[in-house]
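# Commentary on secondary and tertiary structure
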Amino acid sequence: MIVKVAYSDLNKVLDAISANEKLYLPVDNAAGQAEFKPYTEGVQMSKQLNTLRSAKDFFFPQVQPMVKFRREGKHIDIFDERSESEDYVIFGARACDVRSFDVLDNVFLADPVDTYYENRRKHATIVSLACNRPAETCFCGSFGIDAAKPAGDVQAWIVGDDFCMEPVTEKGQKLIDSIKDVLTEGDQAAVDAQIEKIHEILDRLPLKDVKPVDNRDKELEVFNSPKWAELSSHCLGCGACTFVCPTCQCFDIEDFTGNNHTIERYRCWDSCMYNDFTMMAAGTPRKTQKERFRQRFMHKLVYYPIKNDGMYSCVGCGRCLKKCPIQMNIVKVMKALEEDAE
């Protein structure tokens, strides 16, 4: 069932949610970029299409305290650093970010389960928002994602002067029930018309025909393609693409010596594009930029689909297209692999 509130009264919905649970939503920062921030009374939700960093930060933070050790002589105390036990709502995530959670789930919730990720994931309720104006850098449709039906626990649309919502899961219905006093019955026909308008825009996007090639049975052939040398030749190895990507999972674990004989262990994002990634005593397993570049895109377009029934580790959000300083991105790689396949 569709429910709605006037868009001008959206803060009534946000106030009602935040009265019961911690609430996060996209907010424009001082630099004019959107980022997820805790809601405070009166804060306006950003109207930008995508946040600078994706919503994966909620489940897989850039810096994650893991454990703390304290040593006194031969005695060692171990302290679990996890403190995330409250329910919270992520409001305004786009369809691409919602799909990225499925990609991450396949990694962190597979045996052995990553309990740090699991703990954050199970406490979250996702309110997604359809993209009324998809950007020219968007290509989520290439991976079967519908920007007009963003899924999540509750999916939402801006329809004219109204903000319309529809519960998708039991968790989503519970959220809608908790704020029903500020909602009225919505118009399904109006939402359907808005979905059709979004589909018309999606059909006109310049990257709408970009499709990944199913190379699951050609792993070695793709790995040995001569195209990798050309594609990687200008890559700076800056890692910007990996840090804005909603599906990248590379991390490092570091220990820091603190006060009072304590050692604090953290998990932090890393990048397969860096020459010291997975550095071992014997050195790094990927010595050239070509090897590191190939690893990133082989994982997204070949390795991950092999292990996950054809699902790709890319959601077409377009963040890497915007952030790469030399305009080298996954779309160019997909096109090159398509040429090889032909």
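Report follows, based on the coordinates. These numbers come from a predicted model, not from an experiment.

Here His-261 is to be found in the loop between strand S11 (251-257) and strand S12 (262-269). Take His-261: its relative accessible area is 51%, and that puts it in the exposed class. Separated by 227 residues in the primary sequence, His-261 and Ala-34 place their C-alpha atoms 40 Å from one another. Contacts of His-261, omitting those with residues within four sequence positions, involve Phe-69, Arg-70, Arg-71 and Glu-72.

With that out of the way, let us pick up the environment of Glu-86. Within the element layout of this structure, Glu-86 appears in the loop between strand S5 (75-80) and strand S6 (88-93). What makes Glu-86 partly exposed here is its relative accessible area of 49%. Distance in space between the C-alpha atoms of Glu-86 and Lys-22 is 7.7 Å, their sequence separation being 64 residues. Look past the residues within four positions of Glu-86 in its chain and what remains in contact with it is Lys-22 and His-123.

Moving on, we get to the packing of helix H9 (residues 289-307) against helix H11 (residues 330-341). Two elements in contact, H9 and H11, have axes separated by 11 Å at closest approach and are oriented at 75°. The angle between H9 and H11 places the two elements in the roughly perpendicular class. Where H9 abuts H11, its residues Phe-293, Phe-297, Lys-300 and Leu-301 lie against Ile-330, Val-333, Met-334 and Leu-337. A class-by-class count of the residues in the contact of H9 with H11 yields seven nonpolar, no polar and one charged.

A few words now on the sheet that holds S12. Across a sheet, paired strands are connected by hydrogen bonds in the backbone, their directions being either parallel or antiparallel. Spatially, the four strands line up as an open sheet ordered S5-S4-S12-S11, and their pairing is antiparallel. Strand pairing shows two members of the sheet lacking a second neighbour, S5 and S11, which therefore form its edges. Neighbour-to-neighbour, the strand axes of this sheet turn through a mean angle of 20°, independent of strand direction. With seven bridges connecting them, strand S4 (residues 63-72) and S12 associate as antiparallel partners. Pairing of Val-67 across the sheet is with Arg-265, part of S12. On top of the sheet, helix H3 (residues 115-122) reaches S4 and S12; it is set at about 130° to S4, its chief contact.

A word on the sheet that holds strand S9 (residues 162-167). As summarised here, the arrangement of the eight strands in space is S3-S2-S6-S7-S8-S9-S1-S10, forming an open sheet in which the pairing is mixed. One side of each edge strand has no neighbouring strand; the edge strands of this open sheet are strand S3 (34-38) and strand S10 (184-185). In this structure, strand S2 (residues 22-28) lies alongside S6, joined through three bridges in parallel fashion. Following the sheet pairing, Leu-23 is matched in S6 by Val-89. Each of S6 and strand S7 (124-129) is contacted by helix H2 (residues 95-108), which is oriented at about 145° to S7, the strand it contacts most.

Analysis parameters
Residues numbered from 1 in each chain as written. Predicted model: local features only at pLDDT ≥ 70, side-chain atom pairs only at ≥ 80, totals over all residues. Heavy atoms only, no water. Helix = DSSP H or I, 4+ residues; strand = E, 2+ residues; numbered from the N terminus. Buried < 20%, exposed > 50% of the residue type's maximum accessible area, 1.4 Å probe, protein only. Contact = heavy atoms within 4.5 Å. Axes fitted to C-alpha atoms, helices over the stretch in contact; angles between N-to-C directions. Parallel < 35°, antiparallel > 145°, perpendicular 65-115°, else oblique. Nonpolar A, V, L, I, M, F, W, Y, C, P; charged D, E, K, R; others polar. Pairing = 2+ DSSP bridges.

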